[in-house]
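Examining the three-dimensional arrangement
Each chain, written out:
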Amino acid sequence: MATVCLSNPKSLIPSSSSTSFSTTIVRKQIIVCKAGNNVSNFSPIISKRSLSISVASSLLFSLTSNGIFQANAAILEADEDDELMEKVKKDRKKRLERQVIISSSSKEKGYLQDLVYKLSKVGQAIENSDLSAASSVLGQSTDADWVQKVNSAFNKFSGSDEEKTEIDSFNSSLSSLVSSVTKNDIEGSKTAFLASASAFEKWTTLTGLIEELKGL
C-alpha cells in the first residue's frame, strides 16, 4: 500500500491557527507517515519469506514424491521383468518338449490326419444333404476303431486342462453328430458337425499340431 508523506505539513495550516493546534496536526501526520512506512516495509518481507518457504516445501515434496514413485516403479518393473522372463522360459521349454513328442509320434499323427480327412468328407456329405454318405464315413457308433485311435492320439499330445476340455467337447459333439446322421436329421447334423470341427481346430491350435496336419 503506497504511503504519502508531506514534506512540509505546516503549509497546510492556516496562519490564524494556534500553535498547539498546528503542533497536534503535524504530530498526527508524522505518526500516520511512520505507520504507513512501517506497514509498507513489513509486508514485502513477510510475503517473500512465506513465498520462499512455500516454494521450498513444494520442491522438497516434489523431489521426495518423485523419488519414492520412481523407486517403487523400478521395483515393480523389475518384478514384472522377472515374471515375464520366467514365463517365456517355461513356455519355450513346454514348446520344445511338445515338439519332441510330436516328432517321435508319427503313428498318433497319422490317426489325427485320418480324422481331418474324415471330417472333410462328412462335411461335404452334409452340405449335399447326403447323410447316408456321412454315415458310411462315421459309422454307427462312437465306439468305432478309428474313434478309439483318435482319442489315443488326443491323450498322447494333451497336457493342459484347456486342451482336455476341447477333447471332451469334441467327443460330445461327435456323439451328437453320429446320432443326428443316423436319425437322418440334417439340421442337427450340421450343428453337431460345426461343433466337432470347431473343438478339433481349437485343440490343434493349443497343442501346436495345426501346423503339422494337412487340410486344416
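Quick caveat: nothing in here was measured; it's all calculated off a predicted structure.

**Some details on the overall build of the protein chain**
A tally of regular secondary structure across the protein chain gives 6 helices and 0 strands. Listing each helix as α and each strand as β along the protein chain from the N terminus yields α-α-α-α-α-α. Per-residue burial for the protein chain yields a buried fraction of 25% across its 216 residues. Just so you have it, the protein chain exposes about 14,800 Å², and 56% of that area is on carbon and sulfur atoms.

**A short note on a negative patch on the surface**
A contiguous patch of negative charge, built from Glu80, Asp81, Asp82, Glu83 and Glu86, is present on the exposed surface. Tracing the backbone shows Asp82 in helix 1 (residues 19–103). Under the relative-accessibility criterion, Asp82 is labelled exposed at 53%.

**Side note on the pattern of salt bridges**
Scanning the model with the defined rule gives 2 salt bridges in all. In this structure, Glu212 engages Lys109 in a salt bridge whose closest nitrogen and oxygen atoms are separated by 3.9 Å. Within this pair, whereas Glu212 is found in the segment after helix 6 (186–207), its partner Lys109 is found in helix 2 (residues 106–127), the two being separated by 103 residues in sequence. Asp145 is the salt-bridge partner of Lys149, the closest N and O atoms lying 3.2 Å from each other. Here Asp145 and Lys149 lie together in helix 4 (residues 145–157), a separation of 4 residues that amounts to about one turn. In this structure Lys149 comes out as partly exposed when scored by relative accessible area, which is 33%.

**A short note on helix 3 (residues 131–138)**
Residues of helix 3 that are buried: Leu131, Ala134, Ser135, Val137 and Leu138. The buried residues of helix 3 occupy one face: seen down the axis, they fall within an arc of 160 degrees. The exposed residues of helix 3 that point more than 90 degrees off its buried face are Ser132 and Ser136. Those residues of helix 3 hidden inside the fold are in contact with helix 2, helix 4, helix 5 (161–182) and helix 6.

**Some thoughts on the environment of Val150**
Looking at the secondary structure, you find Val150 in helix 4. Spatially, the C-alpha atoms of Val150 and Gly110 are 9.2 Å apart, while their sequence positions differ by 40 residues. Among residues more than four places away in sequence, those in contact with Val150 are Tyr111, Leu112, Leu115 and Phe170.

Reading guide: rules and limits
Residue numbers run consecutively from 1 along every chain, following the written order of its sequence. pLDDT decides what is reported in this predicted model: residues at 70 or higher carry local features, side-chain atom pairs at 80 or more are listed and counted, and totals for whole chains, interfaces and linings draw on all residues regardless. Excluded from the side-chain calculations are hydrogens and water; all other atoms, namely the structure's heavy atoms, are used. The helix and strand labels rest on DSSP assignments: H or I over at least four residues marks a helix, E over at least two residues marks a strand, and numbering proceeds from the N terminus. Exposed residues in this analysis have more than 50% of their type's maximum accessible area, buried residues have under 20%, and partly exposed residues fall in between, with area computed by a 1.4 Å probe over protein chains only. Where accessible areas are quoted, they stem from the Shrake-Rupley method and a 1.4 Å probe; at the residue level, only the protein chains shown are allowed to cover. Patch membership is restricted to residues that have no salt bridge and whose relative accessible area is over 30%. Joining uses 9 Å for like charges and 5 Å for the nonpolar side chains Val, Leu, Ile, Met, Phe, Trp and Tyr. Salt bridge criterion: a side-chain nitrogen from Lys or Arg within 4 Å of a carboxyl oxygen from Asp or Glu. Neither His nor the chain ends contribute to the count of charged residues, in which Lys and Arg are positive and Asp and Glu negative. Think of each charge as sitting on NZ of Lys, CZ of Arg, CG of Asp or CD of Glu. The arc in question is the one spanned by the directions pointing from the helix axis to the C-beta atoms. By the convention used here, residues are in contact when the closest approach between their heavy atoms is within 4.5 Å.

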